[in-house]
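Inside the fold
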Amino acid sequence: MIASHLLAYFFTELNHDQAQKIDKYLYHMRLSEETLQEVSQRFGKEMEKGLGADTNPTASVKMLPTFVRSTPDGTEDGDFLALDLGGTNFRVLRVKVSDNGLQKVEMENQIYAIPEELMRGSGVQLFDHIAECLANFMEKLKIKDKKLPLGFTFSFPCHQTKLDESILVTWTKGFKCSSVEGKDVVSMLRKSIKKRGDFDIDIVAVVNDTVGTMMTCGYDDHNCEVGLIVGTGTNACYMEEMRHIDLVEGDEGRMCINMEWGAFGDDGVLNDIRTEFDREIDMGSLNPGKQLFEKMISGMYMGELVRLILVKMAKEGLLFGGRLTPDLLTTGHFETRFVSAIEKEKEGLQKAHEILTKLGLEPSHEDCVATHRICQIVSTRSASLCGATLAAVLRRIKENKGVDRLRSTVGVDGSVYKKHPHFARRLHKTVRKLLPDCEIRFVRSEDGSGKGAAMVTAVAYRLAAQHKARQKILEALKLSHEQLLEVKQRMRIEMENGLGKETHVDATVKMLPTYVCSTPDGTEKGDFLALDLGGTNFRVLLVRVRNGMRRGVEMHNKIYSIPVEIMQGTGEELFDHIVHCISDFLEYMGMKGVSLPLGFTFSFPCQQNNLDEGILLKWTKGFKATGCEGEDVVNLLKEAIHRREEFDLDVVALVNDTVGTMMTCGYEDPYCEVGLIVGTGSNACYMEEMRNVELLEGEEGRMCVNMEWGAFGDNGCLDDIRTEFDLAVDELSLNPGKQRFEKMISGMYLGEIVRNILIDFTKRGLLFRGRISERLKTRGIFETKFLSQIESDCLALLQVRSILQHLGLETTCDDSIIVKEVCTVVARRAAQLCGAGMAAVVDKIRENRGLDFLKITVGVDGTLYKLHPHFSTIMHETVKHLSPKCEVTFLQSEDGSGKGAALITAVACRIREAGQR
C-alpha cells in the first residue's frame, strides 16, 4: 500500500519537475497580466486608427464597415434563403423565421461541391454554377415561383460599400477564378441568375461569417453585440457608434464593424512579445509578414507551433533522448486537434504517448508530460491574447455607452473555441480579469455562416418594412411648399377678417388695437416703473432710459410671489397685494414719494379701449380673483393705489407681452415693427396702417395690432393639415377646439404631440418592441424641453436614451433614432407653420406701403425660439421662401415684458410732451 502511494507521489513530483523545466524554457510564451493589459491597450489604439479617415490607410486592423445597422429584436418574420461560400463546398439554405410570440427558426439545407476546375476557371463559370445549384435547391423545395430574399455569406476579403454590394479584394483558400477581383460579387451573382431566367430572388445582404455569428446569437440574446471566431482563422466584429466611423457618412445609430483583427501586429506593435517560434512559423507561411496575430492564436498554426518547439527541444537533447524522426520534421504533421486531445483531463498523457509514437518516436513518461505542458502553454497563450483583444473591444463598447457597468453578450464560433477542452474557460477568465466591471456572457453560435446570413436579411427586411410604415404615418406632418403657401394665404384672409368692422365679431384672429402708435426713436429719456403680471410670480422694475451719448437702458427689479389664496380671492385683495409689492420696491430703491410714469404688462386676454384702459375678458393660468372680469384693470390698480394713500403713480400704458417684445427690440433697431413670441404659448403683433384698423376712428399714422394668432384655425380653416395627433392633443387639453394654431406650434404642446406619435408607433409594433410603459401613457410626461435636448448635438443618442430611460422605457439604439426623428418632424412642422404666419404678416406690411421690396426686423422672444437648436433656422428659411420680396431680420428680445412696458411708457410720455409743446 505504502509502496503504491510512494510511487504516485514520485510520479507527481516528476511531472511537476518536468513541467517546471518546460515553463522555464518557454517563459517568453507565458504572458503576465500586465503584458495582457498592455496588449489590450495597444489593440484599443489600433482600433482607433482603423476607424479614423486619415489613419485608416496605414492601419493594420482595418475596421471595415459592414452596413449591418441593427441586431435582431426577436420580431423578425418570414421566409429567407442563404448562400454560404467559404471553401471547397458551399451550402444553400432555406430559413423560416416566425414570431408568433414564440421565436422559432426552421432550416433546411443542401451542400454542393465546387469542382477543382471551377475554383481556377472564370468568375462567370463559378457564379453560373452557384445559380444552377440554387435553382436545383428551389426546384426540390418547390419554391421556384416565389421571390425570396437572400443573404450571401462570402468569406473572402472584401471591401463593402453597401449592405448588398461587396468588392472582392483578393481570393484566398485556393480559389483563383479570373476576373472577379475588384468586382462586386452580388452583381455577378445577379447576372448569372438573370441569364437563367427560371427564378428570381432578392439579394439583400452580403455578410462576413463573423457578422453572421453575431447575428445568429443576437436572435436568441438581444444583448449580443460582438461576434468572435476562433477556428482555422480568427476574427471579430462588434457594434460601433456611427459617429466614430469616419469611413461612412452619417452620425446616427450604430453599425457592425468587421475588424479583420488577424492582422493586428502587422505593423510591428507585437514584436516584443513574438517569440522565435512565431517568427519561424511566419517565415514558412504562404503570406509572410501578414496576419501575425492570427498566427499566434488560430487553429491553423497552433499544432505547428507545438511541433516547432518539440523539434527545437529534441535538437538540444531535452526531449526524446535527442532523437528526431522524419514525421516530426514534416511541416503540418502535428495537427491542432492533437493539442486538444493531449490536453484532455483524463486520457491526455496516454493520448500524448499514442500521438508521439505515431510520429515514429519512442517517448518516455517525462516526454509525454513535457509535450502536455507545451500544448498547455501554447493554447493558454492563444486564449489569453484573444481575451486581451476582446477586452479592448468590450471596453470600447462600455465607453461608447457611457455606463458604469456593461452587460453584454459575445457570440462565438470556431473549432478551437468549441473543441479544445480548456480554451473557452481560459478566454472567459482573461476577459473577466481585464474587465472586472463588466458582466459578459458567451453564447456559442450554431451555424453562423448559414443562419447568420438569413438573420441579417431578416433584420434588414424588418427594418425596411417598419421604416416604410413609420414614414407613412409621419407623412401627414410633413408640409410641402404649396401647403405652406396655402397656410400663409389663409392667415392673410383671417387677418383681414379681424381688422374689418363687419367681419370682426366672427373672426378667429382678433387683431386687437393696442393704442401703441409709435416705436422708440432713440430720444426717449427718464425714469419709469414697470409691472409684469403674467403668472404666479410678479415683477416690479425701475427702468432708467438715457439718450444722447450715454444712450441705453438700466434696469433694477424685484420678484414677488402671488399666493394661491390671493390668486383665487377677491379682486381688491389681488390689487392691494400688487400695490403692497410696489410700495416695498420703492422703499427698497429709496424712491418713496416720487411720482413716476408706469407701464403695466398684463398677460391676460383684454379688450383695450385706450393705451391706459383695458377690460379683462377672462382670467387664465389659474387666476380666479372675483370682481375683475369685465372691469378695466388700470382702474382697479389706480383704486388700490388710492386706498393705500402712500404714493401716486401715473399709469400710462397697459401692455401685452408681444407688444413689449417689439418695443424692446425697436429700441435697438429702428426697423423693428413686428413682435413674435414662441414659448409656452405663441402670439404676434405688428404696426398696421390706421386706415385698415376699421374698429377705430382715424386714418392717419399707424397702430400696433395684437393679433392673438394662437386662435388661427379655430373656425376649421386648418383642418386639412391637422393630423390625428393634433386632434388627440386638442381633445384632452383644457380648452378643446380653441387656440388650434398655438397647439400645433407652441412649447406647451409639442412634447404632447410627440408622445402621442410614440404611443401610436409602439401600438403598431414599430417602436420599443411594441411594449408601452405606464409612464409613456401619462399626459405631459414628454416635456417640450426634451425636444430641444434630443435634437441638440451629436451626443444626442446617449441623451435620448437617458431621457427615455427616465420615462421608464428600455430602448435600443434604433429606438433612439426613431424618437429623434419624430422630434425633428414635429419641431420642423411647428417652425414652418410659424414661418408661414410670419410671412403673411411681413407681406401685408409690404403691400400696405406699396413697396416692391421691404426691409424689416422682427423682435422675438420665447423659450422654444431661443432654446431649440433648429427651430429659429427653419422658421427663418420658411419666411425667406414664402416672402421672397421681404428681407426679414430676426432680433432676440431681452426682457420684453419688463423693459418693453417701460419703453412703451417712455414713448407715450415723449409723444405726450411733444403734444403739450
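Residues numbered from 1 in each chain as written. Predicted model: local features only at pLDDT ≥ 70, side-chain atom pairs only at ≥ 80, totals over all residues. Heavy atoms only, no water.

So, the overall build of the protein
Rule in force here: Secondary structure follows DSSP: runs of H or I at least 4 residues long count as helices, runs of E at least 2 residues long count as strands, and numbering of each begins at the N terminus. The atom set for the radius of gyration is the C-alpha atoms, and the globule formula is 2.2 Å times the number of residues raised to the power 0.38. Buried, partly exposed and exposed residues are distinguished by accessible area as a fraction of the type maximum, computed with a 1.4 Å probe on protein chains only: under 20%, between the cut-offs, and over 50%, respectively. Between two residues, a contact is recorded if the distance between any of their heavy atoms is within 4.5 Å. Asp and Glu count as negative and Lys and Arg as positive, but His and the ends of the chain are not part of the count. Where a charge sits is defined by one atom per residue type, namely NZ (Lys), CZ (Arg), CG (Asp) or CD (Glu).
When you go through the protein residue by residue, the secondary structure sums to 29 helices and 26 strands. For 917 residues, the compact-globule formula gives about 29 Å, and the C-alpha radius of gyration of the protein, at 39 Å, lies well above that figure. Principal-axis analysis of the C-alpha atoms gives the protein an extent of 125 × 70 × 50 Å. Out of the 917 residues belonging to the protein, those deemed buried represent 57%. Long-range pairs, those at least 24 residues apart, make up 70% of the contacts in the protein between residues at least 6 apart in sequence. Computed over 114 positive and 133 negative side-chain charges, the separation of the two mean positions in the protein equals 5 Å.

Things to note about helix α2 (residues 33-51)
Note the threshold: Take the residue count of a helix, subtract one, and multiply by 1.5 Å to get its expected span.
Across its 19 residues, α2 extends 27 Å between first and last C-alpha, which sits within 8% of the 27 Å expected from 1.5 Å per residue. Buried residues of α2: Leu 36, Val 39, Ser 40, Arg 42, Phe 43, Glu 46, Met 47, Gly 50 and Leu 51, and no others. As for α2, its buried residues are in contact with β10 (234-241), β11 (254-258), α12 (365-401) and α14 (423-434).

Regarding unusual backbone geometry
Of note, the phi angle at Met 63 is positive, near 50°, even though the residue is not glycine. Along the chain, Met 63 falls in the loop between α2 and β1 (64-65). Backbone geometry at Lys 142 places phi at a positive 55°, although glycine is not the residue there.

Observations concerning the packing of helix α6 (residues 209-220) against helix α15 (residues 448-474)
Filter applied, for reference: Note on geometry: axes are lines fitted to C-alpha atoms, helical ones only across the stretch in contact, with angles between N-to-C directions running from 0 to 180 degrees. Every angle not falling under 35 degrees, over 145, or within 65 to 115 is termed oblique; those three ranges are roughly parallel, roughly antiparallel and roughly perpendicular. Think of it as three bins: nonpolar holds Ala, Val, Leu, Ile, Met, Phe, Trp, Tyr, Cys and Pro, charged holds Asp, Glu, Lys and Arg, and polar takes everything else, Gly as well.
Relative orientation of the contacting elements α6 and α15 amounts to 70°, with a least axis distance of 7 Å. In terms of orientation, α6 and α15 fall into the roughly perpendicular class. In contact with Asp 209, Val 211, Gly 212, Thr 213, Met 215, Thr 216 and Tyr 219 of α6, α15 contributes Gly 448, Ser 449, Lys 451, Gly 452, Met 455, Val 456 and Val 459. For the contact of α6 with α15, the class distribution of residues is six nonpolar, six polar and two charged.

What about the packing of aromatic side chains?
To keep it simple, the criterion reads: Working definition: a ring pair exists when centres of Phe, Tyr or Trp rings (six-membered ring for Trp) sit within 6.5 Å. Plane angles under 30 degrees give stacked, over 60 give edge-to-face, the rest tilted.
The final tally for this structure, using the stated rule, is 22 aromatic pairs. With centroids separated by 5.2 Å and ring planes inclined at 75°, the aromatic side chains of Phe 156 and Phe 175 adopt a geometry described as edge-to-face. Of this pair, Phe 156 sits in the loop between β5 (149-154) and β6 (158-162) while Phe 175 is found in the loop between β7 (165-168) and α5 (185-196), placing the two residues 19 residues apart along the sequence. With a centroid separation of 5.2 Å and an interplanar angle of 75°, the aromatic rings of Phe 604 and Phe 623 are classed as edge-to-face. Here the residue Phe 604 occupies a position in the loop between β18 (597-602) and β19 (606-610), and Phe 623 occupies one in the loop between β20 (613-616) and α19 (633-644), the gap between them amounting to 19 residues. For the pair shown, Phe 604 and Phe 623 are each scored as buried. Three or more aromatic residues link up through ring pairs in this structure, and these residues are Phe 152, Phe 154, Phe 156, Trp 171 and Phe 175.

Some remarks on the sheet that holds strand β16 (residues 537-546)
Selection criterion: Whether two strands pair comes down to DSSP finding at least two bridges between them.
If you walk across this open sheet you meet the five strands as β17-β16-β15-β18-β21, and the pairing is mixed. Strands at the two margins of the open sheet, each flanked by one partner only, are β17 (552-561) and β21 (650-655). Strand-to-strand twist in this sheet, taken as the mean axis angle between neighbours without regard to direction, amounts to 20°. Across the sheet, α19 lies against β15 (526-533), β18 and β21, angled at about 150° from β21, the strand it touches most. Where helix α20 (residues 657-668) meets the sheet, it contacts β16, β17, β18 and β21, and its direction lies at approximately 105° from that of β21.

Some points on the sheet that holds β10
Spatially, the six strands line up as an open sheet ordered β1-β11-β10-β9-β12-β13, and their pairing is mixed. Taken across any chain shown, the strands that pair with only one partner, and hence form the sheet edges, are β1 and β13 (438-444). The pairing of strand β9 (residues 224-230) with strand β12 (residues 406-413) spans five bridges and is classified as parallel. Considered in β12, the bridge of Cys 224 is made with Thr 409.

Focus on the pairing of β6
Bridging between β6 and β7 involves four bridges; their strand directions are antiparallel. Within β7, the position partnered with Lys 162 by the bridge is Glu 165. Between β6 and β7, which pair antiparallel one after the other, the connecting turn spans two residues.

A look at the pattern of salt bridges
Note the following rule: The salt bridge definition used is simple: a Lys or Arg side-chain nitrogen within 4 Å of an Asp or Glu carboxyl oxygen.
Applying the stated criterion across every chain yields a total of 70 salt bridges. Notably, a salt bridge pairs Arg 274 with Asp 282, separated by 3.9 Å at the nearest N-O pair. Residue classification places Asp 282 among the buried residues on the basis of a relative accessible area of 8%. Two residues, Arg 910 and Glu 524, come together in a salt bridge whose shortest N-O distance is 2.7 Å. Of this pair, Arg 910 sits in helix α29 (residues 896-916) while Glu 524 sits in the loop between β14 (512-513) and β15; the two residues are 386 residues apart in sequence, bridging distant segments of the chain. Residue Glu 524 is classed as buried on the basis of its relative accessible area of 0%. One continuous salt-bridge network, built from bridges that share partners, spans Lys 488, Arg 492, Glu 496, Asp 843, Arg 846 and Glu 847.

Quick look at helix α21 (residues 724-731)
Cut-off, in case you're wondering: Think of the arc as the fan of directions from the helix axis to the C-beta atoms.
Within α21 the residues assigned to the buried category are Phe 725, Asp 726, Val 729 and Asp 730. Looking down the long axis of α21, one finds its buried residues gathered within 135° of arc, a one-sided arrangement.

Quick word on the side chain of Asp 726
Let me state the cut-off plainly: Any pair of nitrogen or oxygen atoms within 3.5 Å is treated as a polar contact; in protein, a donor-acceptor pairing is required on top of that, and neighbouring residues in sequence qualify only through side-chain atoms on both sides.
Relative to the helices and strands, Asp 726 resides in helix α21. Residue class for Asp 726 comes out buried when judged on its relative accessible area of 4%. A polar side-chain atom of Asp 726 sits 2.7 Å from a polar atom in the side chain of Arg 829. Apart from residues lying up to four places away in sequence, Asp 726 is in contact with Ile 721, Met 744, Ile 753 and Arg 829.

With respect to the nonpolar core
One recurring pattern in soluble globular proteins: nonpolar side chains tend to sit buried together. To keep things clear, this is the line we draw: Throughout, nonpolar core names a set of buried Ala, Val, Leu, Ile, Met, Phe, Trp, Tyr and Cys residues whose side chains join them through atoms within 4.5 Å.
Counting 114 residues, the largest nonpolar core has Leu 676, Tyr 686, Met 707, Trp 709 and Phe 782 as the members making the most contacts within it. Ranked by residues supplied to this core, first place goes to helix α26 (residues 813-848) with 18 residues.

So, the environment of Ile 281
Take Ile 281: it is sitting in helix α7 (residues 276-283). Exposure remark for Ile 281: the relative accessible area of 7% places this residue in the buried category. A sequence separation of 27 residues divides Ile 281 from Leu 308, and the C-alpha atoms of the two residues are 8.3 Å apart. Among all residues touching Ile 281, those that are not within four sequence positions of it are Lys 295, Tyr 301, Glu 304, Leu 305 and Leu 308.

As for the packing of α2 against α14
One can describe the packing of α2 onto α14 by two numbers: an axis separation of 11 Å at closest approach and a directional angle of 80°. It follows from the interaxial angle that α2 and α14 lie roughly perpendicular. For the pair α2 and α14, the contacting residues are Glu 33, Leu 36 and Gln 37 in the first and Thr 430, Lys 433 and Leu 434 in the second. Residues that form the contact of α2 with α14 fall into these classes: two nonpolar, two polar and two charged.

Regarding the confidence of the model for the protein
Here is the rule: Residue-level confidence of the predictor, termed pLDDT, takes values from 0 up to 100.
A residue-level look at the protein finds 97% of positions with pLDDT of 70 or above and a mean pLDDT of 89. Ranking the helices and strands of the protein by mean pLDDT puts helix α16 (residues 481-499) first, with 97, and helix α1 (residues 2-25) last, with 64. Considering only residues more than four positions removed or in separate chains, one finds that residues 6-11, a stretch of pLDDT under 50, has one contact.

Let's talk about the environment of Ser 382
Assignment of secondary structure puts Ser 382 in helix α12. When the C-alpha positions of Ser 382 and Lys 295 are compared, they lie 9.5 Å apart, and in sequence the two are 87 residues distant. If sequence neighbours within four positions are ignored, Ser 382 has contacts with Met 296, Ile 297, Met 302 and Phe 423.

Digging into the side chain of Arg 470
Structurally, Arg 470 is set in helix α15. One buried charged residue, Arg 470, remains without a salt bridge, the closest side chain of opposite sign being Glu 821 at 4.9 Å. In this structure the side chain of Arg 470 is engaged in a polar contact, spanning 3.3 Å, whose partner is the backbone oxygen of Leu 766. Setting aside residues up to four positions removed in sequence, Arg 470 forms contacts with Phe 761, Leu 766 and Ile 818.

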